[in-house]
Amino acid sequence: MTQAFTTTVVGSFSRPRELIDATKAHSKGELSDEAFEAQLEKATRDTIRGEEEAGLDVITDGEQRRSSFVGFVGDKIPGFKVMHITELNPDAMEILKRNKVQLTYMRAVVTEELKDAVIARDEFEKARRYSKKPFKVTLPAPYLVMWESWHKKHSKEAYPAPEDFGYAYAKFLRKEVLRLRDAGVSFVQIDEPMLGDLTEAGDKPDRYRQVFYELYGQGYRGFKEELKLAVDMLNEVVKGVSGVKIGVHMDRWPNKDSPYFDLGYERFLPELLEVKTSQWVLEYTSQGTGDPAKLVRAFPDGVEIGLGVVSVQNYEVETPEQVVARAERVVGSIEPERIWLNPDCGFAPGMFRTFPREIAFAKLKSMTEAAGILRKKHA
Ligand SMILES: [Zn+2]
């Protein structure tokens, strides 16, 4: 695809009310598998139709079949056990409160050696019948999953060190990337919010690594070491992979009290440039995220930016003109064909995040209208 200002979403989309209710009923045994499957199918179809109507160039299934963007791997890959957060540390609730961090209470923890299994191809095969457009499929990154799922007591027998587990998962992830490519997926996006949050770390860990240390017992290695590990694990996933577009998505939650407010992912240069990805999918609509032009000017030839141009935090629908202005922050620093437009993040990374669907679709519509304006002006 050589079009300028290609539009897509980051991945997840809010679930319809009926699907959330059906999920609860199904988990209590009050709804049959068939009736639940029908709700999953309907939500998938309606999400894809909405994306098509908004005029997106690249489609996702909105992750309607996933409980959360990371936890679902625990349902798919043998070796994980779902545990309540207080089983990881009896003081879990107090730890979350003190660090002002929210996490899902049910956690997928690795307890046995992993086995190869389909992670997302089955979802794609069900979704593809609803659109002829190119599809993006997302997968959680190994560095993220290492932090999210390795516990010093429950995981030690299967994987003595978190890194052993992270690299083992990375190898299975590569097999899935190849399966997705062979099935016809155009774009595989690897989600790495844990690396994104490292923008707030220094000599001390950011609040997420601090919380995971207290809950799981994995220690912070220091800024440079963490960065190197994340980069190396991403490259382990894509080693020798060709024939499919690879993207990496990072979050950015600027914190006014942090010394890193107003700095962005440029804190990860030059190490970030070693990642063998064709696109960085990044958050840039919040205040304090830094200057995207600074970052993209450092990109190697051909590497694209998936620029966050609409917020997933507030319910105010941006006007196309506002979106144009946000995109123009990088116009002139990188060719228009290498600029993709997307929301900052998924609209509902977890099953129960309720972002009104009609507002989310309206934001996508503004984004595609902005792409039309930008193409006339700059392409
Ligand atoms: Zn995100």
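Here, every reference points to the structure presented above.
Definitions and cut-offs
- Residues numbered from 1 in each chain as written.
- Predicted model: local features only at pLDDT ≥ 70, side-chain atom pairs only at ≥ 80, totals over all residues.
- Heavy atoms only, no water.
- Donors = N, O, S within 2.8 Å, 3.2 Å for Na, K, Ca; no water.
- Helix = DSSP H or I, 4+ residues; strand = E, 2+ residues; numbered from the N terminus.
- Buried < 20%, exposed > 50% of the residue type's maximum accessible area, 1.4 Å probe, protein only.
- Salt bridge = Lys/Arg side-chain N within 4 Å of Asp/Glu carboxyl O.
- Axes fitted to C-alpha atoms, helices over the stretch in contact; angles between N-to-C directions.
- Parallel < 35°, antiparallel > 145°, perpendicular 65-115°, else oblique.
- Left-handed = near helix turned anticlockwise from the far one by under 90°.
- Contact = heavy atoms within 4.5 Å.
- Patch = residues over 30% accessible without salt bridge, like charges linked within 9 Å, V, L, I, M, F, W, Y side chains within 5 Å.
- Areas by Shrake-Rupley, 256 points an atom, 1.4 Å probe, with all protein chains shown as cover.
- Phe/Tyr/Trp six-rings, centres within 6.5 Å; stacked < 30°, edge-to-face > 60°.
- Lys NZ or Arg CZ within 6 Å of the ring centre and 35° of its normal.
- Nonpolar A, V, L, I, M, F, W, Y, C, P; charged D, E, K, R; others polar.
- Pairing = 2+ DSSP bridges.
- Polar contact = N/O pair within 3.5 Å; in protein donor to acceptor, adjacent residues only side chain to side chain.
- Right-handed = clockwise from strand over helix to strand, strands pointing away.

Colleague: Is there a simple way to explain the coordination of the zinc ion in this structure?
Modeller: Six octahedral donors around a metal ideally subtend angles of 90 or 180 degrees, whereas four tetrahedral donors ideally subtend 109.5 degrees. Distances from the zinc ion to its protein donors, His249 (NE2), Asp251 (OD) and Cys345 (SG), fall at 1.9 to 2.1 Å. Summarised as a motif, the one-chain spacing of the donors to the zinc ion is H-x1-D-x93-C. One end of the pair, histidine 249, is in strand E6 (residues 245-250); the other, cysteine 345, is in the loop between strand E9 (339-343) and helix H14 (357-378), and 96 residues separate them in sequence. Each member of the pair, histidine 249 as well as cysteine 345, is classed as buried.

Colleague: So what exactly am I meant to see when it comes to the pattern of salt bridges here?
Modeller: Where charged atoms from two side chains of opposite charge approach closely, those side chains can pair. As enumerated under the stated definition, the model contains 33 salt bridges in all. Put simply, arginine 66 and glutamate 63 hold a salt bridge, and the shortest N to O gap is 4.0 Å. This pair shows no difference in class: arginine 66 is buried, exactly as glutamate 63 is. For aspartate 206, the salt bridge is made with arginine 209, and the minimal N-O distance between the two is 2.6 Å. The class for aspartate 206 is buried, based on a relative accessible area of 4%. Given a relative accessible area of 0%, arginine 209 falls into the buried group.

Colleague: I keep staring at the packing of helix H5 (residues 92-99) against helix H10 (residues 207-216) and nothing clicks. Help me out?
Modeller: To characterise two packed helices, one gives the angle between the axes of the helices and the distance between these axes. Interaxial distance between H5 and H10 falls to 10 Å at its minimum, and their mutual angle equals 165°. By the criterion of interaxial angle, the relationship of H5 to H10 is roughly antiparallel. Our pair here, H5 against H10, has a crossing hand that is right-handed. For the pair H5 and H10, the contacting residues are Ala92, Ile95, Leu96, Arg98 and Asn99 in the first and Arg207, Gln210, Val211, Glu214 and Leu215 in the second.

Colleague: Looking at this structure, I do not really get a nonpolar patch on the surface. What am I missing?
Modeller: A surface patch of nonpolar side chains, about 370 Å² in accessible area, is lined by Val82, Met93, Tyr105 and Met106. In this fold, methionine 93 is placed in helix H5.

Colleague: Would you mind showing me how to read the packing of aromatic side chains here?
Modeller: Think of a pair of aromatic rings as described by two things: how far the centres are apart, and how the planes are tilted against each other in angle. One pass over the full model with this rule turns up 11 aromatic pairs. Relative to phenylalanine 355, the ring of phenylalanine 347 has its centre 5.0 Å away and its plane inclined at 55°; by these criteria the two rings are tilted. As far as burial versus exposure is concerned, phenylalanine 347 and phenylalanine 355 are alike and both buried. An aromatic cluster of at least three residues, connected via ring pairs, comprises Phe13, Tyr315, Phe347, Phe355 and Phe361. Directly above the aromatic system of phenylalanine 223 lies the positively charged group of arginine 267, at a separation of 4.2 Å from the ring centroid.

Colleague: How do you make sense of the packing of helix H2 (residues 33-54) against H14 when you look at a structure like this?
Modeller: Running from N to C, H2 and H14 point in directions that differ by 30°, and their axes come no closer than 8 Å. Here H2 lies roughly parallel to H14, going by the angle between them. Crossing geometry of H2 relative to H14 is assigned as right-handed. Of the residues in H14, those touching H2 at Ala43, Asp46, Thr47, Gly50, Glu51, Glu53 and Ala54 are Arg357, Phe361, Leu364, Lys365 and Thr368. Across the contact of H2 with H14, the residue classes break down as four nonpolar, three polar and five charged.

Colleague: Before we go on, may I ask you to explain the sheet that holds strand E4 (residues 136-140) in this structure?
Modeller: Note: strands within a sheet are paired through backbone hydrogen bonds, in either parallel or antiparallel orientation. An order of E1-E9-E8-E7-E6-E5-E4 is seen for the seven strands of this open sheet, with the pairing classed as parallel. With one partner strand each, in any of the chains shown, strand E1 (6-7) and E4 form the two edges of the open sheet. Relative to the sheet, helix H8 (residues 162-183) contacts E4, strand E5 (187-191) and E6, its axis offset from that of E4 by approximately 170°. Against the sheet, helix H13 (residues 320-327) engages strand E8 (304-310) and E9, with an angle of about 145° to E8.

Colleague: When you look at the side chain of threonine 138 in this model, what are you seeing that I'm missing?
Modeller: Relative to the assigned elements, threonine 138 resides in strand E4. Exposure remark for threonine 138: the relative accessible area of 4% places this residue in the buried category. Within the structure, threonine 138 has its side chain in polar contact with the side chain of glutamate 63 (distance 2.7 Å). Those residues in contact with threonine 138, other than ones at most four positions away along the chain, are Val10, Gly11, Glu63, Arg66, Gln189 and Asp191.

Colleague: Hey, could you run me through the pairing of E8 in this one?
Modeller: Both faces of the sheet carry side chains from a regular strand, because those side chains alternate between them. For E8, a buried count of seven out of seven residues is recorded, marking the element as mostly surrounded by other parts of the structure. Note that strand E7 (residues 279-282) and E8 share four bridges and pair parallel. Within the sheet, the bridge partner assigned to glutamine 279 lies in E8 and is glutamate 304. Bridging between E8 and E9 involves five bridges; their strand directions are parallel. By the bridge assignment for E9, isoleucine 305 is matched with isoleucine 339. Note that the unit made of E8, H13 and E9 has a crossover that is right-handed.

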